[in-house]
Every structure is written in C-alpha cells, then in structure tokens.
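For reference, the chains in residue letters:
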Amino acid sequence: MDEEEALARLIALAGTSAPDAALLRAVVEEASELGARRALARLGLADAAARDDIVDLRQLLGAWRDAKTSAWKAAVDWAVRGMLALLVVGLAVKLGLPGLLR
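This structure is a prediction, so every number in the text was calculated from the model and none was measured.

So, the overall build of the protein
Helix and strand content of the protein: four helices and zero strands. For the protein, the N- to C-terminal ordering of α and β elements is α-α-α-α. On C-alpha atoms alone, the protein measures out to a radius of gyration of 33 Å, which is more than a quarter above the 13 Å that the 2.2 N^0.38 rule sets for 102 residues. By its C-alpha atoms, the protein is 105 × 30 × 15 Å across when sized along the principal axes. For the protein, buried positions account for 8% of its 102 residues.

Quick word on the pattern of salt bridges
A side chain with one charge may pair with a side chain of the opposite charge, provided their charged atoms come close. This structure, assessed with the given rule, holds three salt bridges. E29 is the salt-bridge partner of R25, the closest N and O atoms lying 3.0 Å from each other. Within this pair, R25 and its partner E29 are both found in helix 2 (residues 21–43), separated by four residues, close to a single helical turn. Here E29 falls in the partly exposed class, since its relative accessible area comes to 43%.

Observations regarding the nonpolar core
Core analysis: the largest hydrophobic core is formed by six residues, namely L7, L10, A14, L23, V27 and L34. Elements that contribute at least two residues to this core include exactly helix 1 (3–16) and helix 2. With residues up to four places along the chain from it excluded, the contact list for L23 reads L10, L13 and A14.

A short note on the packing of aromatic side chains
Applying the stated rule across the entire model yields zero aromatic pairs. In this structure, R81 is placed above the aromatic ring of W78, and the distance from its NZ or CZ to the ring centre is 5.9 Å.

Comments concerning helix 3 (residues 50–94)
Here helix 3 contains 45 residues, and its C-alpha end-to-end distance of 66 Å stays within 8% of the 66 Å for a straight helix at 1.5 Å per residue. Just downstream of helix 3 lies G96, where phi reads positive at about 80 degrees.

Description of a negative patch on the surface
Taken together, the side chains of D47, D52, D53 and D56 make up a negatively charged region of the molecular surface. Structurally, D53 is set in helix 3.

Comments concerning the packing of helix 1 against helix 2
Packed helix pairs are characterised by how far apart their axes lie and by the angle those axes make with each other. Taken N-terminus to C-terminus, the directions of helix 1 and helix 2 make an angle of 150 degrees; their axes are 9 Å apart at the nearest point. Between helix 1 and helix 2, the angle falls in the class roughly antiparallel. When you trace helix 1 past helix 2, the crossing you get is left-handed. Of the residues in helix 2, those in contact with E3, E4, A6, L7, L10, I11, L13 and A14 of helix 1 are L23, A26, V27, E30, A31, E33, L34, R37 and R38.

Comments concerning helix 1
Residues spaced three or four apart along an α-helix point in a common direction, a consequence of the helix completing one turn every 3.6 residues. Spanning 14 residues, helix 1 covers 20 Å between terminal C-alpha atoms, matching the ideal 20 Å at 1.5 Å per step. Those residues of helix 1 that sit buried are A6, L7, L10 and A14. One side of helix 1 holds all its buried residues, which, seen down the axis, span an arc of 100 degrees. In helix 1, those exposed residues whose orientation departs by more than 90 degrees from the buried face are R9, G15 and T16. On its buried side, helix 1 packs onto helix 2.

The rules behind the values
- Residues numbered from 1 in each chain as written.
- Predicted model: local features only at pLDDT ≥ 70, side-chain atom pairs only at ≥ 80, totals over all residues.
- Heavy atoms only, no water.
- Helix = DSSP H or I, 4+ residues; strand = E, 2+ residues; numbered from the N terminus.
- Rg over C-alpha atoms; globule rule 2.2 N^0.38 Å.
- Buried < 20%, exposed > 50% of the residue type's maximum accessible area, 1.4 Å probe, protein only.
- Salt bridge = Lys/Arg side-chain N within 4 Å of Asp/Glu carboxyl O.
- Core = buried A, V, L, I, M, F, W, Y, C linked by side-chain atoms within 4.5 Å.
- Contact = heavy atoms within 4.5 Å.
- Phe/Tyr/Trp six-rings, centres within 6.5 Å; stacked < 30°, edge-to-face > 60°.
- Lys NZ or Arg CZ within 6 Å of the ring centre and 35° of its normal.
- Expected span 1.5 Å × (residues − 1).
- Patch = residues over 30% accessible without salt bridge, like charges linked within 9 Å, V, L, I, M, F, W, Y side chains within 5 Å.
- Areas by Shrake-Rupley, 256 points an atom, 1.4 Å probe, with all protein chains shown as cover.
- Lys, Arg positive; Asp, Glu negative; His and termini not counted.
- Charge placed at Lys NZ, Arg CZ, Asp CG, Glu CD.
- Axes fitted to C-alpha atoms, helices over the stretch in contact; angles between N-to-C directions.
- Parallel < 35°, antiparallel > 145°, perpendicular 65-115°, else oblique.
- Left-handed = near helix turned anticlockwise from the far one by under 90°.
- Arc of directions from axis to C-beta.

Here is the structure:
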C-alpha cells in the first residue's frame, strides 16, 4: 500500500465515524509526509544523492559568506591605511617637513 492509498483509507475511516484524536493525528501525519515527499520531488531532491547535494550547497554557501566577509574586511583595512597615510602626509606638510628635505 502506497502513501496515497493509506491517506485515502484514513480519510475514509475518519468520514465514517466520529474521528478521535489519534485518527486525526494519523491523517495529518500521512498528509504532511506525502506533501513533503512531493515537494522534494518537485525540487529534484527525492533521490539518494540529495543529502550530499544539500551538504555541498551548504558548504559552498558558507565559503561564499567567508569570502564576502574577508573581502569587506580587506577593503576597510585598505581604506583605513589610506586615510592614515593621508593624515601623516598632511601633518608632514603642515609641520613644514618638505622644506627640510630641500
């Protein structure tokens, strides 16, 4: 008996009598399981290699986030160094140090 048939039988059973909590829970569990399997199949993740694919995608996403963070840190580092260099040059000009080099 496949999942769709089991779900149909549970729904038929629920319709014949006053459903109790256990029967309703079984219907909900079967329906949610069937829906999850259909959703995974539509996404192409219903095969045995899907778990490895998701692990690889998560690793790739983590590497991308690390690279993005590193790039931002490097850009900020270079910007701060550039501003400090301009400040030192400005102080040197203000104090007249270029005149001492002549």
